[in-house]
Amino acid sequence: MSNTVVKIENLVKRYKELVALDHFNLSIEEGEILGLLGPNGSGKTTTINCLLSLLSYDKGNIEVFGKEIKPDSYDIKQNIGVVFQNVAVFESLTVYENIDYFCGLYIKDKTLRKQYVEEAINFVELNDYKKFLPKKLSGGLLRRLNIACGIAHKPKLIIMDEPTVAVDPQSRNKILEGIKELNRQGSTIIYTSHYMEEVEEICSRIVIMDKGKNLAVGTSNELKKLIKNTENIYMNVASLNETQLNEIKALPHFYDVSYTNSDLNIKCNGGQNNLIRLIAYLQDNNIPFSNVHSKLPTLNDVFLEITGKELRD
Ligand code: ADP
Ligand code: MG
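These notes cover the structure that comes with them.

So, how was this worked out
Residues numbered from 1 in each chain as written. Chains lettered and ligands numbered in written order. Predicted model: local features only at pLDDT ≥ 70, side-chain atom pairs only at ≥ 80, totals over all residues. Heavy atoms only, no water. Pairing = 2+ DSSP bridges. Helix = DSSP H or I, 4+ residues; strand = E, 2+ residues; numbered from the N terminus. Axes fitted to C-alpha atoms, helices over the stretch in contact; angles between N-to-C directions. Contact = heavy atoms within 4.5 Å. Donors = N, O, S within 2.8 Å, 3.2 Å for Na, K, Ca; no water. Buried < 20%, exposed > 50% of the residue type's maximum accessible area, 1.4 Å probe, protein only. Core = buried A, V, L, I, M, F, W, Y, C linked by side-chain atoms within 4.5 Å. Near = heavy atom within 4 Å. Polar contact = N/O pair within 3.5 Å; in protein donor to acceptor, adjacent residues only side chain to side chain. Areas by Shrake-Rupley, 256 points an atom, 1.4 Å probe, with all protein chains shown as cover. Nonpolar A, V, L, I, M, F, W, Y, C, P; charged D, E, K, R; others polar. Salt bridge = Lys/Arg side-chain N within 4 Å of Asp/Glu carboxyl O.

Here's the deal with the sheet that holds strand β10 (residues 213–218)
Phase 1: With mixed pairing, 6 strands are arranged side by side in an open sheet as β6-β7-β8-β3-β9-β10. The two strands at the open ends of the sheet, each matched to only one other strand, are β6 (80–83) and β10. Sheet twist, expressed as the mean angle between neighbouring strand axes with direction ignored, is 15°.
Phase 2: Direction of pairing for strand β7 (residues 157–161) relative to strand β8 (residues 188–193): parallel, over a ladder of 5 bridges. When the sheet's bridge partners are listed, Ile-158 is paired in β8 with Ile-189.
Phase 3: Packed onto the sheet, helix α11 (residues 299–307) meets β3 (33–37), β9 (205–210) and β10 and runs at close to 40° relative to β9.

What follows is the structure, encoded as C-alpha cells:
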C-alpha cells in the first residue's frame, strides 16, 4: 500500500488577471523524488507556495499527509522542509547559528538539536565554514547553507525550489547527490527545475508543466514514449538541391526535415535504420557529408512536441 503524501486537485491561482495555475493536478506518493519541470514562469514556485499554504488560491484542494493544509497547519508543516528558490538565511547569524535557528523551530530538545545541526553541516559539507557569516560564502556554499537550513529537522517531505540555479558544477553535483541521499534516508522529495538533465538524473517521476497546467506525468522513459519523435538525426551537408531534399523527405519515418546553411536536421518517428538509410542515399548520390549525430529524444523534445516551443529559451 502506498501512501499519498501530496494531493493537489484542480488548483487555480490568479495574480489579478494573470492565471498562474490553471486547474493544476498533482499527486505524490511516499518515497518519490517528484520532479516539477517547466520553463521560467510556468508556475512551479506558485505551486510550492500554495502547497505550503503561504499563498491563498482561487479554487481547488490541497492535501498533505492526508489532511487539508491551512496557514496554521503547524502539525503538517513540522514535517515539511523547504528550500526556497531565493536563499533565505539571516545575514547576521553564522552558518552554524542559521542552521541551529531553523532546526530549533521544530526540534526543541537541545541534545537532539545539536546532533541534527551537526548532521546537516556534515551533509552539505560546510564543516570548514561553521563560523562564517553568509556574506563570506560563495554562491554554491550559500545554496548549501540554504539547503541545510531546510532539511536539518529531518522532515518527511522536502521541497526544493530550483536549488541549483547559478551554482558551480561541483556544488551542483553535491546538491543532487544530497537529494538522492535524503530520499534514501526516507524523505519524499519535490524538486522543481527548468533543467531537464537534472530532473532526469534524480527524479523517479516527472511532471511537465507549462502555463500553470500539468501537461504530462511519468518516468523519463514513459514521457518519451508519449511522443511520436523517436530519433533526431543531424549532419552537415554542404549542398543539396531541391529534388534531393524532397527525396530525403520522402524516406520512411522522416516526418520533419529542415535544411538551412548546410545543417540537415531530421526528426524520425520509428524505424530502426534511419541513419543508415540516409547515408546510403547520400552515398548513392555522391553527396558529401560530415559531423553526423543521431540522438534519442530528450525531455526537451517531449516539451517541444506537447507545447510547440523549447523548454529552454
Ligand atoms: P516559476 O516558478 O515556474 O518560474 P512562478 O510560479 O514564479 O513560475 O510564476 C508563474 C507566473 O505568475 C509567472 O507569469 C509570474 O510572472 C507570475 N507571478 C508570480 N508571482 C507573482 C506575483 N507575486 N504577482 C504577480 N504575478 C506573479
Ligand atoms: Mg520559480
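A look at the coordination of the magnesium ion (ligand 2)
Phase 1: Within the protein, Thr-45 (OG1) and Gln-85 (OE1) serve as the donor atoms for the magnesium ion (ligand 2), at 2.0 to 2.3 Å. Placement of Thr-45 in helix α1 (residues 44–51) and of Gln-85 in the loop between β6 and α3 (95–104) is noted, with a sequence separation of 40 residues between them.
Phase 2: Thr-45 gets classed as partly exposed once you look at its relative accessible area, which sits at 28%.
Phase 3: By relative accessible area, Gln-85 is classed as partly exposed at 27%.

Notes on the sheet that holds strand β5 (residues 67–68)
Phase 1: If you trace the 4 strands from one edge of the open sheet to the other, you get β2-β1-β4-β5, paired in antiparallel fashion. Edge strands, defined here as strands with exactly one partner in the open sheet, are β2 (18–29) and β5.
Phase 2: When strand β1 (residues 4–15) meets β2, the two strands line up antiparallel, connected through 9 bridges. Across the sheet, residue Lys-13 finds its bridge partner in β2, namely Leu-21.
Phase 3: Sitting on the sheet, α1 is in contact with β1, β2 and β4 (59–64), with an inclination near 115° to β1.

Concerning the environment of Leu-34
Phase 1: For Leu-34, the location among the structural elements is in strand β3.
Phase 2: Owing to a relative accessible area of 0%, Leu-34 belongs among the buried residues under this scheme.
Phase 3: Spatially, the C-alpha atom of Leu-34 lies 24 Å from that of Asn-229, the residues being 195 residues apart in sequence.
Phase 4: Sequence-distant contacts of Leu-34, defined by excluding residues within four places in its chain, comprise Leu-26, Ile-28, Ile-189, Ile-190, Tyr-191, Cys-203, Arg-205 and Val-207.

Description of the nonpolar core
A general trend in soluble globular proteins is that nonpolar side chains are found buried together.
Phase 1: If you look at the biggest cluster of nonpolar residues, it comprises 45 residues, and the most contacted ones within it are Ile-99, Leu-145, Met-160, Ile-179, Tyr-191 and Ile-206.
Phase 2: For this core, the element with the most residues is helix α5 (residues 139–151), which contributes 6 residues.
Phase 3: Not counting the four nearest positions on each side in its chain, Ile-99 is found in contact with Val-117, Ala-120, Ile-121, Leu-145, Ala-148, Cys-149 and Ala-152.
Phase 4: In this structure, Val-5, Leu-21, Ile-28 and Ile-48 belong to the second largest nonpolar core, which totals 25 residues.

Observations concerning the site of ligand 1
Phase 1: Around ligand 1 sit Tyr-15, Leu-18, Ala-20, Pro-39, Asn-40, Gly-41, Ser-42, Gly-43, Lys-44, Thr-45 and Thr-46, and those are all the residues in its vicinity.
Phase 2: Take Thr-46: an N or O atom from its side chain is 2.5 Å from an oxygen atom of ligand 1.
Phase 3: Here ligand 1, which alone exposes 560 Å², has 59% of that area covered by the protein.
Phase 4: Those elements that place two or more of their residues in the shell around ligand 1 are β2 and α1.
Phase 5: Among the residues making up the shell around ligand 1, the classes are represented as 4 nonpolar, 6 polar and 1 charged.

Thoughts on the pattern of salt bridges
Phase 1: Taken as a whole and judged by the stated rule, the model has 16 salt bridges.
Phase 2: The salt bridge involving Arg-113 is made with Asp-100; its shortest N-O contact spans 3.1 Å. Here Arg-113 is found in helix α4 (residues 110–123), whereas its partner Asp-100 is found in helix α3, with 13 residues between them in sequence.
Phase 3: Of the residues examined, Asp-100 reaches a relative accessible area of 22% and is grouped as partly exposed.
Phase 4: Across the salt bridge formed by Glu-125 and Lys-174, the nearest N and O atoms sit 3.3 Å from each other. Residue Glu-125 is located in the loop between α4 and α5, and its partner Lys-174 is located in helix α6 (residues 169–184); the two are separated by 49 residues in the primary sequence.
Phase 5: Salt bridges linked by common partners bring Arg-172, Glu-198 and Glu-201 together as one network.

These figures capture arrangement, not role.
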